[in-house]
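What follows is the residue order along each chain.
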Amino acid sequence: MEFGSIEREIYVEASPEIVFEVVSSPDHLKRWWPDDARYDPTPGSVGEIVFGDRDAGGTVVPFTVVDARPPRTFSFRWTHPADEVAAEGNSLLVTFDLTPSGGGTLLRMTETGFREMGWEVAVLEQEYQGHLTGWDFYLSRLAPYVATLEVRR
Amino acid sequence: MSPAVAEKVDDDLWSAIGDPTRRLVLDLLLVDGAGTATTLSQQMPVTRQAVAKHLGVLDRVGLVRATPAGREKRYRVDEAQLARAAAQLSSVGSAWDARLRRIKRIAEAIQRSQQDQQRDRPDRGE
C-alpha cells in the first residue's frame, strides 16, 4: 500500500461512455456521493458539493474540475478553502481513469493529497463527509476526532 | 495530551510514514522483530548514519521504541501506533469502496436500460 494515496479499481459492466457520465456529471454525482452538486464538468470549472441540507446546517465543500477527457479521464480537487484556488497542498485530488475491458469498463480511482494537505485535516474532512452521508460511519473511529474537530472550528 | 498536541503528532506521524526509506525500515523491523541502525543498514542501500536518522524520526512519532544495546539502541515497532495510522487510512479507503459500488450499480442500470430499449425496437436492433 502506498501511504499518501488511496487507489481502488472496480470492473463495471457498462460502456466507458456511460461510466464517464456517471463519475463526472453533477446529476449523477448526487446519486453516489453528496446531496447536492453544482459545477460544470469541464476543466477549470469551480463549483461546490453539499452534504446535508444547504439551508439547514449542511456542509458546502468547494469542488474544482481539473481534467475532463471523455470517456477516459475525469479528475477534480475538493476540500480546499472556499476563498483559495485549488492546488496541491490545499486539497485532495481525485482522479478517475477509465479503460475499456471486455464488454465493460475498468474504473480506477486514485485520491491523493493526504500527505501534502496535512494528514489529520484530510482524514477528518473525509470522515466528516462520510458521516454526513451515512456511509462508513463508525462511531468508535470518529469519537477520537471529535475533540480536535471542536478545537479547529 | 492536549488536542493541539495530538493533531501535531498525527501530521508528524503521517510524514514519518510517508517516506519510502522509513517504510522499508518499518518493514525490516516487523520481519526481524527488532534491529539496530547497524543491523538495518546491512540490509539496505543506505549508510548506518542515514538509518539512525530515520530511526530517530520514527522514534519521535512513537512508531518505534528504543532500548539501549551496548553502544547502540535496539528498536522495535510500536504496533499499536502503526495500527492506528493504518486504520485511519483504511477508513477513508472503505468510504471510497462504498462510493465505487454505487457508481457501478448506477452505470450498470443505465447500460441495461439502454439495451432493453434497443430490444424493444426490433426495427432498429441488429
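The structure this text deals with has already been given above.
Asker: Could you clarify how one ought to interpret the overall build of chain A in this entry?
Answerer: Across its full length, chain A holds five helices and seven strands. Along the chain direction, N to C, the helices and strands of chain A fall in the order β-α-α-β-β-β-β-β-β-α-α-α. For chain A, restricting intrachain contacts to residue pairs at least 6 apart in sequence, the fraction spanning at least 24 positions comes to 39%.

Asker: Where do I start with the pairing of strand β4 (residues 59–69) of chain A in this structure?
Answerer: Remark: a regular strand shows side chains that alternate across the two faces of the sheet. All names here are of chain A. Sheet topology note: the strand β3 (residues 46–51)/β4 ladder contains six bridges and is antiparallel. Across the sheet, V50 pairs through a bridge with V60, a residue of β4. Bridge count between β4 and strand β5 (residues 73–78): six bridges; the pairing is antiparallel. Bridging from a neighbouring strand, T64 pairs with R77 of β5.

Asker: How should I be thinking about the packing of helix α2 (residues 20–32) of chain B against helix α4 (residues 48–60) of chain B in this particular structure?
Answerer: Residues and elements named next belong to chain B. At their nearest, the axes of α2 and α4 sit 10 Å apart, and the two run at 85° to each other. Judged by the inter-axis angle, α2 sits roughly perpendicular to α4. Between α2, through T21, R22 and V25, and α4, the contact on the second element is made entirely by V51, H54, L55, V57 and L58. Within the contact of α2 with α4, the residues separate by chemical class into five nonpolar, two polar and one charged.

Asker: Would you take a moment to explain α4(B) for this structure?
Answerer: Residue and element names in this part refer to chain B. The first and last C-alpha atoms of α4 sit 18 Å apart over 13 residues, in line with the 18 Å expected at 1.5 Å per residue. V51, H54, L55 and L58 are the residues of α4 that are buried. All buried residues of α4 project into a common sector of 105° when viewed along the axis, lining one side. Residue G62 follows α4 closely and has a positive phi angle near 80°.

Here is what the cut-offs are and how they apply
- Residues numbered from 1 in each chain as written.
- Chains lettered and ligands numbered in written order.
- Predicted model: local features only at pLDDT ≥ 70, side-chain atom pairs only at ≥ 80, totals over all residues.
- Helix = DSSP H or I, 4+ residues; strand = E, 2+ residues; numbered from the N terminus.
- Contact = placed C-beta atoms within 7 Å.
- Pairing = 2+ DSSP bridges.
- Axes fitted to C-alpha atoms, helices over the stretch in contact; angles between N-to-C directions.
- Parallel < 35°, antiparallel > 145°, perpendicular 65-115°, else oblique.
- Nonpolar A, V, L, I, M, F, W, Y, C, P; charged D, E, K, R; others polar.
- Expected span 1.5 Å × (residues − 1).
- Buried ≥ 20, exposed ≤ 12 C-beta atoms within 10 Å, placed from the backbone.
- Arc of directions from axis to C-beta.

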